[in-house]
Amino acid sequence: MTITTWNAAGLFGSVHSQPFQSIAKFKRMQGRLRRADVVCLQESHGGPGDLSTLDRECPSHMYWGSFGAKAAIGGVVLAISTEFAEHFNDFREIVLSPARCLVVQCVGPVGAVQFINLHLEPGLQFDEKAALLHTIANTATTFRGFSVFVGDFNFIHTDETRCNLADPRQAETNANPRLATFFEELFSSFVELHQGAS
């Protein structure tokens, strides 16, 4: 299984973007689809109708998405290749946070896997982030199968040099050691894989 995650920063374009930028982003998306069984997008900035566009233009994958009331509000998309999907006969979509966190559970005769795609909103307070992360952890522990948790977490992990646990100025920023420590303790049983630049 190959998987990639990408903060697309407006894959579906807007009235404010140049057409060539939208076309270039869509071509990048097509390249990711060619190289991965599972593609998770954050900040797609689209709507449910955009999934039909993906179905038509990129039929190699099946698509699920969660979007905000306005296209400018986040949007997460999860794509699973039709070839990989042949291993499963049941797909369940769960929205844990509209436009921010989407789960797709795949269950088949030989196994089960769920993909959790998160765009952790940087503007949320610590308690709101913690509540959502607890919900994700509960979703992972109650699922009978493997859980793959990916996305744009919008904080710096404690093992990165940019994170200074002794610096009180980092208390509530993207370099938040409190959130990083909470996350790392909550998901301590998970194996962390780093994605290379593309």
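Presented here is a report on the structure given in the accompanying data block. This one's a predicted model, so the numbers in the text were calculated from it and none came from an experiment.

Moving on, we get to the overall build of the protein chain. The helix and strand tally for the protein chain stands at five helices and eight strands. Walking the protein chain from its N terminus toward its C terminus, one meets helices and strands in the order β-α-β-α-β-β-α-β-β-β-α-β-α. Relative to all contacts within the protein chain whose residues are 6 or more apart in sequence, the contacts with residues 24 or more apart total 62%. As displayed, the protein chain has an accessible area near 10700 Å², and 54% of this comes from carbon and sulfur atoms.

With that settled, consider the sheet that holds strand 8 (residues 146–152). Across the sheet, which stays open at both edges, the four strands sit in the order 5-6-7-8 with mixed pairing between neighbours. Looking at the sheet topology across the chains shown, the edges are occupied by strand 5 (90–97) and strand 8. Direction aside, neighbouring strands of the sheet carry axes that sit 15° apart on average. By the bridge criterion, seven bridges tie strand 5 to strand 6 (residues 101–108) in an arrangement that is antiparallel. Counterpart to E93 in the pairing with strand 6 is V104. Strand contacts of helix 4 (residues 126–142): strand 5, strand 6, strand 7 (111–119) and strand 8, with the helix running at about 170° to strand 7, the strand carrying the most contacts.

What follows covers the sheet that holds strand 3 (residues 61–66). Spatially, 1-2-4-3 is the arrangement adopted by the four strands of the open sheet, whose pairing is mixed. The sheet is open, and its two borders are formed by strand 1 (3–7) and strand 3, each paired with just one other strand. The average undirected angle you get between the axes of adjacent strands in this sheet is 15°. Contacting strand 3 and strand 4 (76–81), helix 2 (residues 48–57) crosses the sheet at an angle of about 170° to strand 3.

Moving on, we get to the nonpolar core. In terms of nonpolar packing, the biggest core is built from 20 residues, with L118, L133, I136 and F149 touching the most fellow members. The set of elements that each furnish at least two residues to this core consists of strand 6, strand 7, helix 4 and helix 5 (177–186). The element best represented in this core is helix 4, accounting for seven residues. Among all residues touching L118, those that are not within four sequence positions of it are Q42, R100, C101, L132, L133, I136, F149, V150, G151, D152 and F153.

This paragraph deals with the pairing of strand 8. Pairing of strand 7 with strand 8 involves seven bridges; the strand directions are parallel. The partner of L118 across the bridge, within strand 8, is G151. For the crossover that starts at strand 7, traverses helix 4 and ends in the parallel strand 8, the hand is right-handed.

Criteria and thresholds
Residues numbered from 1 in each chain as written. Predicted model: local features only at pLDDT ≥ 70, side-chain atom pairs only at ≥ 80, totals over all residues. Heavy atoms only, no water. Helix = DSSP H or I, 4+ residues; strand = E, 2+ residues; numbered from the N terminus. Contact = heavy atoms within 4.5 Å. Areas by Shrake-Rupley, 256 points an atom, 1.4 Å probe, with all protein chains shown as cover. Pairing = 2+ DSSP bridges. Axes fitted to C-alpha atoms, helices over the stretch in contact; angles between N-to-C directions. Core = buried A, V, L, I, M, F, W, Y, C linked by side-chain atoms within 4.5 Å. Buried < 20%, exposed > 50% of the residue type's maximum accessible area, 1.4 Å probe, protein only. Right-handed = clockwise from strand over helix to strand, strands pointing away.

Remember that the coordinates give geometry; whether it matters functionally is a separate question.
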